Amino acid sequence: MRSPNDNAAPMRPAPLRRPPGLIAMTMLGLLVAAWHTPASAAAPEQEYRQALQSARSGDHARALETLSALVERYPDNRQYLYDYVAVLGWAERDREALDRATALDLAAAPAYVLEALGKSARNQQEYPLAVRIYRTALERDPEDGAARIGLALSLADSGEGAQAREALDRIDAARSRDPELLGALAYVQQRQGLPFQALNTYDRMLEIDPANREARRGRVLTAYRIGAPHLAAALADETPGLLSTDERDAIERDRQAYTIRWSRLPATPETTPGRESFKAIHDLRRELEFLETGGQGDTPHARQVRYDLFVSLHERGRDREAVELYETRIAADPEIPTYVLATAGDTYLTLRRPEQARDLFLRALEREPEDFNTRLSLFYAYVEGEDFEHALPLIDGIAAGEPAWLGVAPERRPNSARLRTDITAAYARAFADDLPEAERRLAPLAEQAPLNAELHTALATIQRWRGWPRRALGEYEIALHSRPENLPDARAGRGQALLEIGDYPAAEAALRELRATAPDSRATAALGRAWELHNLHELRLEASRTKSSGAQEGSDDLGFDGWLYGAPFRYHYRPFLHHHFEQAEFPEGDATYRRIGAGVEYRAREIAATVELDRNAGDRVDAGLAIDGRWSPSDTWSFTAGADTWSDEIPLRGRLNEDIDGWSVDLGADWRAHERRSAHVGLQRIDFSDDNLRTAANARVAQRLMTRPHYHMDGLLGVYASRNTREGAPYFNPASDLSVDLTLNNEWLLYRRYEYSFRHRLALSAGGYHQEDFGSDTLWAAQYEQRWSPQDRFDLVYGLIRARRVYDGVPEYQTTLYLNLDWRF
């Protein structure tokens, strides 16, 4: 969280004043001098004594008026000038005192004059002059403790902390409990950048005198400077009136800012997330209302309160309220602070408005072009706006500008900012669909830093996106072992991987733990959404309509399959209903086939299976049993097997002409190297009721050929062969056949807005077909498809296929319209 006070300079102490005891001693000396004045000077001496009496009573204005007149009338009287300069200093008219002192010989000036001038020089921040004055006093009297303290304070103000401390160390040890000396020591420690030593000194002062207001004030301001505004506020409450209004407001603003900042940290079972931050927001709202109703809404203080409230709302995750505040009461400000612009960009980005976020980040970078966090946020705005043309060069430029190491040997240390940009640059390639490059960047870094949790979390996430959830689990475990606490990304990623491999109880346990320890994390929200989708009902539909120039498969046919799944129960089980429908026109008549079924799906780690009982929905009641299973022992291999006692693979023309049915058995193996390369082989055996026995085999290899941020092209090589035992069947039934085809599959992402996406695909296929006794011929197909995904639980695919097929040596041209739907509800 950015705060305007993050880099605030230390608060300067109040102007220095001459101690009352020393004033009285000096005045007594002057009165004695006046008693021995000759009678001829009685009149001016009477005025002089009256001036001294006024000064002693604190009426500096009257004393200075008289002394000024005496100095003008008697310019050769050094005593009048000395006292005039001294009283100017006591009256804190420091500039006039120093100007008058130019007429003095400092080496001859009395000690009390030097002391007053030294303090005036310090108050005017003329530290070299103050040092010279105090050194002059010490040359005359090395035991002058007041001069030595003044010298130490002046040296500290000049940045000479070591010399200042040496000056104090030379003061008589008998004064070690002197509050004035201890106060000076605390001030020197502050200027040396030793605030904790200063706090210890203030504690010593309070042990001597618990009511010492200087020590109490110093302790409050020191606590504030070290970043403990809550402690500073509590200490200030113990002694009202210690601080000015501006000082107290600054501490309160930082206290509220730190409260909000801490609220973003992961909670523990013993904490109540957000309680303090809610109070801080409430206090800021109340203060702003007071200022605006009191006619102070346009003051700098009111604007600062608005900025603090805006930042607080964003940090607490109340971004809609933050945007409303920004748009209605901040955006029109003539000069919005840079940190507010950047926070506004973060807020719009959280609300998924990347274009507005981008513009605000660019405005902030016009003022601070090298700000690391803002440049990184701008990168995410580009990515979420799908602007990879700007995103990739930006993140590479940020990474190039960060050195890998900071400092020099032997104090050299890794640059965390460089590591962060290296990880983000790898993610950028993944967002642009270049997952191999993302992995190539992260893998060597993770190997070099085996205990870096962020690196292993990022590598695991890329591996999971590549389809390797088991491999990713190993990396997530390394990350969590390195930092078992406060790592929501790794815990959420592990939960996602468990969900993907089917270990649902473990995934739910991971989500419960995250919601307890990091309820506001985006990673927790993402895993929660994935778990919610997993537990929804699901409707899947597949429908097609084909027109053909021939009649082997039907001149006009319609196909439909629908599955309605219930919500999972007992983690692994999901009931479903299935409806299958076919209809086609043949020369010998129209055929219709319809079956309905019900079953249960079982999903667990490495295993998935379905069991379905079905029956014919027509006049003839024929029950069937279908069983399918998949075993996935690794991220690379999976094996399938299935059997259906009333197979839907029986040609519809055979059902029409001879009421043929049959059973089928399938075996398959899939090899998936990654998202860009895969292979499949399958075997099928169908036993027809007409004694025909069909044996078929197929193989397919897929390879990514080209990848761009919104486009990729895959090449697919497919082979199919079959053999049948019956001759002269009333359906297409080649004695043996073989087809080989090559497909180029082109897919473009036309639009994406978070879960909403719209894609289209063009696939072009060409190949050859050989049928025993009928020779060889050419096959081709062209397919155009659109995929509309308006949200993460709805997917609609529809398209058109134009193809050339060959049956018994006769080509047929087919046009197919199809539609597929997947909806979770």
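Here, the structure is the one placed above.
Residues numbered from 1 in each chain as written. Predicted model: local features only at pLDDT ≥ 70, side-chain atom pairs only at ≥ 80, totals over all residues. Heavy atoms only, no water.

A.B. asks: What's the story with the overall build of the chain in this structure? I'm lost.
C.D. replies: On a plain count of helices and strands, the chain comes out with 29 helices and 18 strands. With respect to the principal axes defined by its C-alpha atoms, the chain has extents near 155 × 55 × 45 Å. Of all 825 residues assigned to the chain, the portion counted as buried reaches 47%. Across the chain, contacts joining residues at least 24 apart in sequence account for 52% of those joining residues at least 6 apart. Of the roughly 40600 Å² of accessible surface on the chain, 54% is carried by carbon and sulfur atoms. Treating the 102 positive side-chain charges of the chain as one cloud and the 128 negative ones as another, the clouds have centres 4 Å apart. (Helix = DSSP H or I, 4+ residues; strand = E, 2+ residues; numbered from the N terminus. Buried < 20%, exposed > 50% of the residue type's maximum accessible area, 1.4 Å probe, protein only. Contact = heavy atoms within 4.5 Å. Areas by Shrake-Rupley, 256 points an atom, 1.4 Å probe, with all protein chains shown as cover. Lys, Arg positive; Asp, Glu negative; His and termini not counted. Charge placed at Lys NZ, Arg CZ, Asp CG, Glu CD.)

A.B. asks: How do you make sense of the packing of aromatic side chains when you look at a structure like this?
C.D. replies: Scanning the entire structure with this criterion turns up 20 aromatic pairs. On the numbers, 5.9 Å between centres and 75 degrees between planes, the contact of tryptophan 788 with phenylalanine 794 is edge-to-face. A relative accessible area of 30% places tryptophan 788 in the partly exposed class. Pairing tryptophan 823 with phenylalanine 825 gives two aromatic rings, centres 4.8 Å apart and planes at 35 degrees, and the pair type is tilted. With relative accessibility at 32%, the residue tryptophan 823 sits in the partly exposed group. By relative accessible area, phenylalanine 825 is classed as partly exposed at 34%. Every member of this aromatic cluster is reached through a ring pair, and the members are Tyr48, Tyr74 and Tyr80. One cation-aromatic arrangement involves arginine 574 over tyrosine 565; the distance from NZ or CZ to the ring centre is 4.0 Å. (Phe/Tyr/Trp six-rings, centres within 6.5 Å; stacked < 30°, edge-to-face > 60°. Lys NZ or Arg CZ within 6 Å of the ring centre and 35° of its normal.)

A.B. asks: Explain the nonpolar core here, please?
C.D. replies: When a protein is soluble and globular, its nonpolar side chains tend to lie buried together. Counting 52 residues, the largest nonpolar core has Leu104, Val113, Leu117 and Leu168 as its most contacted members. Among the elements that take part in this core, helix H4 (residues 78-90) stands out by supplying 9 residues, more than any other. With residues up to four places along the chain from it excluded, the contact list for leucine 168 reads Ile149, Ala152, Leu181, Ala184, Leu185 and Val188. (Core = buried A, V, L, I, M, F, W, Y, C linked by side-chain atoms within 4.5 Å.)

A.B. asks: Before we go on, may I ask you to explain the pairing of strand E4 (residues 556-565) in this structure?
C.D. replies: When a strand is regular, its side chains alternate between the sheet's two faces. Buried residues dominate E4, accounting for 7 of its 10 residues. The pairing of strand E3 (residues 538-548) with E4 spans 10 bridges and is classified as antiparallel. By the bridge assignment for E4, threonine 546 is matched with aspartate 557. Relative to strand E5 (residues 573-586), E4 runs antiparallel, the two sharing 9 bridges. For glycine 562, the partnering residue across the bridge sits in E5 and is histidine 579. (Pairing = 2+ DSSP bridges.)

A.B. asks: How should helix H10 (residues 179-191) be read in this particular structure?
C.D. replies: Given 3.6 residues per helical turn, the α-helix brings residues three or four places apart onto the same face. Over its 13 residues, H10 extends 18 Å from the first C-alpha to the last, a length consistent with the 18 Å expected when each residue adds 1.5 Å. Every buried residue of H10 is accounted for by Leu181, Leu182, Gly183, Ala184, Leu185, Ala186, Tyr187, Val188, Gln189 and Gln190. Contacts made by the buried residues of H10 are with helix H6 (111-123), helix H8 (145-157), helix H9 (161-169), helix H11 (195-208) and helix H12 (213-225). Between a side-chain oxygen at the N-terminus of H10 and the backbone nitrogen of glutamate 180 the separation is 2.9 Å; the capping residue is aspartate 178. Count one or two residues on from H10 and you reach glycine 193, which has phi positive near 80 degrees. (Expected span 1.5 Å × (residues − 1). Polar contact = N/O pair within 3.5 Å; in protein donor to acceptor, adjacent residues only side chain to side chain.)

A.B. asks: When you look at unusual backbone geometry in this model, what are you seeing that I'm missing?
C.D. replies: Most peptide bonds take the trans form, and the phi angle of most residues other than glycine is negative. At aspartate 691, a position not held by glycine, the phi torsion is positive, near 75 degrees. If you trace the backbone, aspartate 691 turns up in the loop between strand E11 (677-688) and strand E12 (693-708).

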